[in-house]
Amino acid sequence: MIFSLEKELKESLEKRKIEGHLRSLKQVVNPSAVDFFSNDYLGLAKSSILKKRIEEKNRSSQSNGSTGSRLLSGNSSLAESLEVKIAEMFNAKEALLFNSGYNANLGLLQTIPKENDLLLLDQTVHASLKNGAKLSKASTHFFKHNDLNHLERKLKEIGPKARQVYVVTESVFSMDGDLAPLNEQAQLCKKYGANLIVDDAHGVGVLGPEGMGLTSEESLSPHIFARIVTFGKAFGTHGAAILGGPILKEFLINFCHSFIYTTALPDHSLFSISEAIHFQKENPELRRQLHINCSLLKKSLNLNENNKSPIFTYFPKKGEDLKNMSNFLQKSNLDVLPIYSPTVRKGEERLRICMHSFNRKSEIEKLAAKILAYKEETFNQRLYS
Ligand SMILES: Cc1ncc(COP(=O)(O)O)c(C=O)c1O
């Protein structure tokens, strides 16, 4: 039987609408609202000084685009020297540039694990890692979020049946804001002969030695098989790199489709990445201010989390409605957005608050006060209704 495609698509959209989670593209409605939702943790995406530096560098470029894949006409000494610089700065042997973190994760997990291999993913990793695992021929299992006992059980029970085992996690979880126990996970991987893969997208620029990410720690980096760093978040630009050994790099250049079959980044992007990394290093006060701001929010909301992540979550209590809460904050000129399923699991919808170096003390105090006021109001409504 042939179904009308339009009808099928419309029905899926209707279903999502009824569930209240229909996605739509929005312009920034209120440019004066305070940014508590972007990944621009250090304000580099809007830095006029960095912009000027990138433009000055790009003046030497003769091209608008790279004209092809790195394996055809798109390679350049600029790309190669940037990879050398990235490897050095992130304390890695080699780096390979990708057009985005999404492409890097998808390609890495599609390419490296083979049939009869086992992929063990933290259950809350980013969609790009889950989708990469779906494209892989390896079998995929999930371990409970940050649960070392559950991970060890899986390594012990199903690990021995596999040819190679890969443990995949994020350093700073994008939707939860908590940190992975990377040292303990690396030890488990060593004990069971597994290969650790860490996506440091939200750690780089913010945490670790000189802000180069949690995976750049000297004691940790040699124990990680592959790390993913991205430049579209704290570095305020675009693109990503996979860090690892020379064999991994050569293998990806030969077999990774999301590296091979795509037009390489243009000079402008390469200059942007290079300048952003240097700018971040030269301005440690941005990172320092970000951490001061995170501490202030924690203190104002009485949160006793002791990690240094710039991502905070607020899970609504019974009777609190995420959309109402977000609208309430928006009306107060505070841009905080709710995160719904399927981005997070059903029943785990939350507000995601991102802190920045440029958020002012008064703005952070206002955010905390508004959240507390909303909680009190809904608590009283519940009490007296
Ligand atoms: C943990 C994580 N990994 C990878 C990505 C994808 O990176 P990019 O935005 O560069 O494609 C994201 C982006 O949201 C992310 O949060």
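Residues numbered from 1 in each chain as written. Predicted model: local features only at pLDDT ≥ 70, side-chain atom pairs only at ≥ 80, totals over all residues. Heavy atoms only, no water.

K.L.:
Describe in detail the site of the ligand, supporting the description with residues and values.
P.N.:
Around the ligand, the structure places 13 residues, and the nearest of them are Gly 101, Tyr 102, Asp 199, His 202 and Lys 233. Between the ligand and His 126, the relevant distance is 3.3 Å, taken from an oxygen atom to a side-chain nitrogen or oxygen of the residue. At a separation of 3.0 Å, an oxygen atom of the ligand approaches a polar side-chain atom of Lys 233. In isolation the ligand has 390 Å² of accessible area, and contact with the protein removes 82% of it. The cavity that encloses the ligand is the second largest pocket. Looking at which element gives the most residues to the shell around the ligand, the answer is helix 4 (residues 101-111), with three residues. Counted by class, the shell around the ligand contains two nonpolar, eight polar and three charged residues. (Near = heavy atom within 4 Å. Polar contact = N/O pair within 3.5 Å; in protein donor to acceptor, adjacent residues only side chain to side chain. Areas by Shrake-Rupley, 256 points an atom, 1.4 Å probe, with all protein chains shown as cover. 1 Å grid on protein atoms, 1.4 Å probe; cavity = no way out; pocket = protein on both sides within 12 Å on 5 of 7 lines; lining within 4 Å. Sits in = over half its atoms within 2 Å of the grid points. Helix = DSSP H or I, 4+ residues; strand = E, 2+ residues; numbered from the N terminus. Nonpolar A, V, L, I, M, F, W, Y, C, P; charged D, E, K, R; others polar.)

K.L.:
Hey, could you go over the sheet that holds strand 5 (residues 165-170) for me, with residue numbers and the actual values?
P.N.:
Either a parallel or an antiparallel arrangement is found when strands of a sheet pair, and the pairing is made through backbone hydrogen bonds. The strand order 2-8-7-6-5-3-4 describes an open sheet built from seven strands, whose pairing is mixed. The strands lining the two open edges of the sheet, one partner per strand, are strand 2 (94-98) and strand 4 (139-143). Pairwise comparison of adjacent strand axes, ignoring direction, gives a mean angle of 20° for this sheet. The sheet strands contacting helix 4 are strand 2, strand 3 (118-122), strand 5, strand 6 (195-199), strand 7 (226-230) and strand 8 (240-244), and the helix crosses strand 7 at an angle near 165°. Packed onto the sheet, helix 5 (residues 127-135) meets strand 3, strand 4, strand 5 and strand 6 and runs at close to 160° relative to strand 3. (Pairing = 2+ DSSP bridges. Axes fitted to C-alpha atoms, helices over the stretch in contact; angles between N-to-C directions. Contact = heavy atoms within 4.5 Å.)

K.L.:
Could you give an account of the pattern of salt bridges, naming the residues involved and the relevant values?
P.N.:
Oppositely charged side chains are able to pair whenever their charged atoms sit close together. Per the stated rule, a full pass over the model turns up 15 salt bridges. Where Arg 53 meets Glu 275, a salt bridge forms, and the shortest distance between an N and an O atom there is 3.1 Å. Of the two residues, Arg 53 sits in helix 2 (residues 48-58) while Glu 275 sits in helix 10 (residues 267-282), which places them 222 residues apart along the sequence. On the basis of relative accessibility, which here comes to 7%, the residue Glu 275 falls in the buried class. Bridged by salt links that share partners, the residues Arg 70, Glu 83, Glu 94 and Lys 249 form one connected network. (Salt bridge = Lys/Arg side-chain N within 4 Å of Asp/Glu carboxyl O. Buried < 20%, exposed > 50% of the residue type's maximum accessible area, 1.4 Å probe, protein only.)

K.L.:
Can you tell me about the environment of Gly 208, naming the residues and giving the values?
P.N.:
Mapping Gly 208 onto the fold places it in the loop between strand 6 and strand 7. Taking C-alpha positions, Gly 208 is 9.9 Å from Glu 218, a pair spaced 10 residues apart along the chain. If near-sequence neighbours (up to four positions away) are discounted, Gly 208 is found in contact with Gly 213, Leu 214 and Glu 217.

K.L.:
Tell me about helix 1 (residues 5-18), residues and numbers included.
P.N.:
Between its terminal C-alpha atoms helix 1 stretches 20 Å, which fits the 20 Å expected from 14 residues at 1.5 Å a residue. Little of helix 1 sits inside the fold, with zero of its 14 residues counted as buried. Note on helix 1: the residue one or two positions beyond its end, Gly 20, has a positive phi of about 80°. (Expected span 1.5 Å × (residues − 1).)

K.L.:
Outline the domain arrangement of the protein chain, listing residues and values.
P.N.:
Segmenting the protein chain into domains produces domain 1 (32-47 + 283-384) and domain 2 (63-282). On the side of domain 2, 24 residues touch domain 1, which itself brings 26 residues to the contact. Carbon and sulfur atoms make up 56% of the surface buried where domain 1 meets domain 2, a total of about 2,000 Å² over both sides. By the criterion of area lost to domain 2, the three top residues of domain 1 are Leu 44, Asn 283 and Arg 287, representing 29% of everything that side buries. Counting across the interface, domain 1 meets domain 2 through one salt bridge. Arg 350 is paired through a salt bridge with Asp 176; the nearest N and O atoms lie 3.3 Å apart. At the boundary of domain 1 and domain 2, one finds 11 residue pairs in polar contact (both at pLDDT 80 or more). If you list the elements that add at least two residues to the side of domain 1 that touches domain 2, you get helix 11 (284-300), strand 9 (311-314) and strand 12 (350-354). Ranked by residues supplied to the side of domain 1 that touches domain 2, first place goes to helix 11 with six residues. The residue makeup of the side of domain 1 that touches domain 2, split by class, is 11 nonpolar, eight polar and seven charged. (Domains from an automatic or database assignment. Buried area = accessible area lost by both parts, 1.4 Å probe.)

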